[in-house]
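In case you want the letters, here they are:
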Amino acid sequence: MPEKLDGFKIGYVEIKFPAIQAPMAGITHSPFRILLSNYGKPGLFFSEMLSARSVLNEDFSNSIYLKCIDTEKERPIAYQIFSSDKESAFVACERLNKEKYIDIVDFNLSCPAPEIAKKRKAGAFLLSDLVLSHSILKTMKKALTKPLTVKVRIGVKEDKGFLKDLVSMVEDAGVNAITVHPRLVKDKLKGRSKWEYIGFVKDIAKIPVIGNGDVKTKNDFFKMIDETGCDGVMIGRAVVQKPWIFGEISGKEFNIDAVFLIELYSTMLTLYTSFFPPEKAIGRIKEFTWYFSKNLKFGHHFASMVQASTDVENIKSFFKEAIKTCF
Ligand SMILES: Cc1cc2nc3c(=O)[nH]c(=O)nc-3n(C[C@H](O)[C@H](O)[C@H](O)COP(=O)(O)O)c2cc1C
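Residues numbered from 1 in each chain as written. Predicted model: local features only at pLDDT ≥ 70, side-chain atom pairs only at ≥ 80, totals over all residues.

*Asks:* Even after reading the chapter, I still don't get the sheet that holds strand E4 (residues 45-51), so can you show me in this structure?
*Replies:* Neighbouring strands of a sheet are bound in pairs by backbone hydrogen bonds; such pairs are parallel or else antiparallel. Taken together, eight strands build an open sheet; the order of strands is E3-E10-E9-E8-E7-E6-E5-E4 and the sheet is parallel. The open sheet is flanked by strand E3 (19-21) and E4, the only strands paired with a single partner. Shown here is a sheet whose adjacent strand axes are inclined to one another by a mean of 25 degrees, direction ignored. With three bridges joining them, E3 and strand E10 (residues 232-235) adopt parallel strand pairing. Paired with Ile20 across the strands is Met234, a residue of E10. This element, helix H5 (residues 130-143), spans strand E6 (104-109) and strand E7 (148-153) of the sheet and lies at about 170 degrees to E6. (Pairing = 2+ DSSP bridges. Helix = DSSP H or I, 4+ residues; strand = E, 2+ residues; numbered from the N terminus. Axes fitted to C-alpha atoms, helices over the stretch in contact; angles between N-to-C directions. Contact = placed C-beta atoms within 7 Å.)

Below you can see the structure in the form of structure tokens.
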């Protein structure tokens, strides 16, 4: 299998390494990005998904959603927003455009969560109204000198005609790259990510295409590029399980044993507790542990001990021994 590691460009932003970290709410905050960069940086970081309104109301130097611990280490970075209207998307873009360390703004056309898609009529809901999506994206573009990208699902049913319309719509709006998570809106994360649709979009799109879904290993990464011809590969859940995966893809070798995992988990605890207030840190640690524990033979045992903990001190008292026992 050819090991293709060519970079590509999103607008004027150079993506030197085609492995990209997926946006994940509750997970891809600044301490997580720093954790990743200790093992090997992705070619592009993503923030968590942010509402256009939160971008306006939160303080960039203090917000746990917006702040970066180390703006250089966490670059290049795309901030992802969702919105159901062009007015708030426009002002959010104006605000994001002012921050020098933010490289790209991404618009979410993929989130199927009822809170976003049903209640707020944003995220994947907008796939059912391409006229509205077009008008939001065109308006965002007017506020931005930075590149604009979108992350999409393939729609409400398998329909290549719809995908053609979707790609034409985003290109016409001036979007600089498209990430394709090839599941239907109703699929959430169930079933298989249908990579053939990434290949289809790559065949018809003039802008760079980033493929996403079910990349769990270095082999999967190269397989997706090989099978679809996509310019970049976005990795989500596997990065939380294996924060060293970008390092591995870039050719570094890691000896994954209990000592390595204890060191990683300990670094995570330090990063998370020094960034988040205690009542927020515990939730983020539990979220991370849910995925991380899959590295352990008796991972569910470790995960349930962490889930049952009400404070971080408790987790600190048992995690080393528990990881050793469960490995
Ligand atoms: C906990 C969690 C939170 C997510 N949050 C977001 C989000 O904020 N924005 C987004 O576009 N996708 C979000 N996703 C979807 C991922 O970005 C990605 O598309 C999906 O997990 C499939 O990729 P994977 O198989 O590599 O995990 C989330 C996924 C998970 C598991």
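*Asks:* How do you make sense of helix H1 (residues 30-39) when you look at a structure like this?
*Replies:* Owing to its 3.6 residues per turn, the α-helix aligns residues three or four sequence positions apart on the same side. Looking only at H1, the buried set comprises Ser30, Pro31, Phe32, Arg33, Leu35 and Leu36. Along its buried surface, H1 packs onto E3, E4, helix H9 (237-241), helix H10 (245-249) and helix H11 (258-275). Note on H1: the residue one or two positions beyond its end, Gly40, has a positive phi of about 150 degrees. (Buried ≥ 20, exposed ≤ 12 C-beta atoms within 10 Å, placed from the backbone.)

*Asks:* Looking at this structure, how should I read the site of the ligand?
*Replies:* Close contacts around the ligand come from 22 residues, with Ala22, Met24, Met49, Gly236 and Arg237 the closest. Looking at the shell around the ligand, the elements that each hand over two or more residues are E4 and H9. Along the lines of polarity and charge, the residues of the shell around the ligand split into 11 nonpolar, seven polar and four charged. (Near = placed C-beta within 6 Å. Nonpolar A, V, L, I, M, F, W, Y, C, P; charged D, E, K, R; others polar.)

*Asks:* Looking at this structure, I do not really get the domain arrangement of the protein chain. What am I missing?
*Replies:* You'll often see interface size given as the accessible area lost when the parts meet. For the protein chain, the domain assignment lists domain 1 (8-249) and domain 2 (258-326). Taking the mean C-alpha position of each, domain 1 and domain 2 sit 28 Å from one another. At the junction of the two partners, domain 1 supplies 14 residues and domain 2 supplies 15 residues. Mapped by element, the contributors of at least two residues to the side of domain 1 that touches domain 2 are H1 and H9. No other element matches the five residues that H1 contributes to the side of domain 1 that touches domain 2. Here the side of domain 1 that touches domain 2 is composed, by residue class, of eight nonpolar, five polar and one charged. (Domains from an automatic or database assignment.)

*Asks:* Where do I start with the environment of Val259 in this structure?
*Replies:* Residue placement: Val259 occurs in helix H11. Along the backbone, Val259 and Lys320 are 61 residues apart, and their C-alpha atoms lie at a distance of 8.8 Å.

*Asks:* Help me understand the environment of Arg153 in this model?
*Replies:* One can find Arg153 in strand E7. In the structure, Arg153 is positioned 41 residues away from Pro112 in sequence and 9.0 Å away in space, judged by C-alpha atoms. Setting aside residues no more than four positions away along its own chain, Arg153 makes contact with Ser110, Ala124, Leu127, His181, Arg183, Leu184 and Val185.

*Asks:* Help me out: how do you make sense of the nonpolar core in this one?
*Replies:* Soluble globular proteins: nonpolar side chains tend toward being buried together. Counting 95 residues, the largest nonpolar core has Ile81, Val105, Ile178, Val201 and Val233 as the members making the most contacts within it. Apart from residues no more than four positions distant in its own chain, Ile81 is found in contact with Leu50, Ser51, Ala52, Val55, Ala89, Ala92, Val105, Phe107 and Asn108. (Core = buried A, V, L, I, M, F, W, Y, C linked by C-beta atoms within 7 Å.)

*Asks:* Would you mind going over the pairing of E7 with me for this structure?
*Replies:* Along any regular strand, the residues point their side chains to alternate faces of the sheet. Most of E7 sits inside the fold, with six of its six residues counted as buried. Burial along E7 is two-sided: the face carrying Leu148, Val150 and Val152 and the face carrying Thr149, Lys151 and Arg153 are both buried. Sheet analysis places E6 next to E7, joined by five bridges and oriented parallel. Paired with Leu109 across the strands is Val152, a residue of E7. In the sheet, E7 pairs with strand E8 (residues 177-181) via five bridges, with the strands oriented parallel. Bridge pairing in E8 links Lys151 to Thr179. Traced from E7 through helix H6 (residues 160-172) to E8, the parallel crossover comes out right-handed. (Right-handed = clockwise from strand over helix to strand, strands pointing away.)

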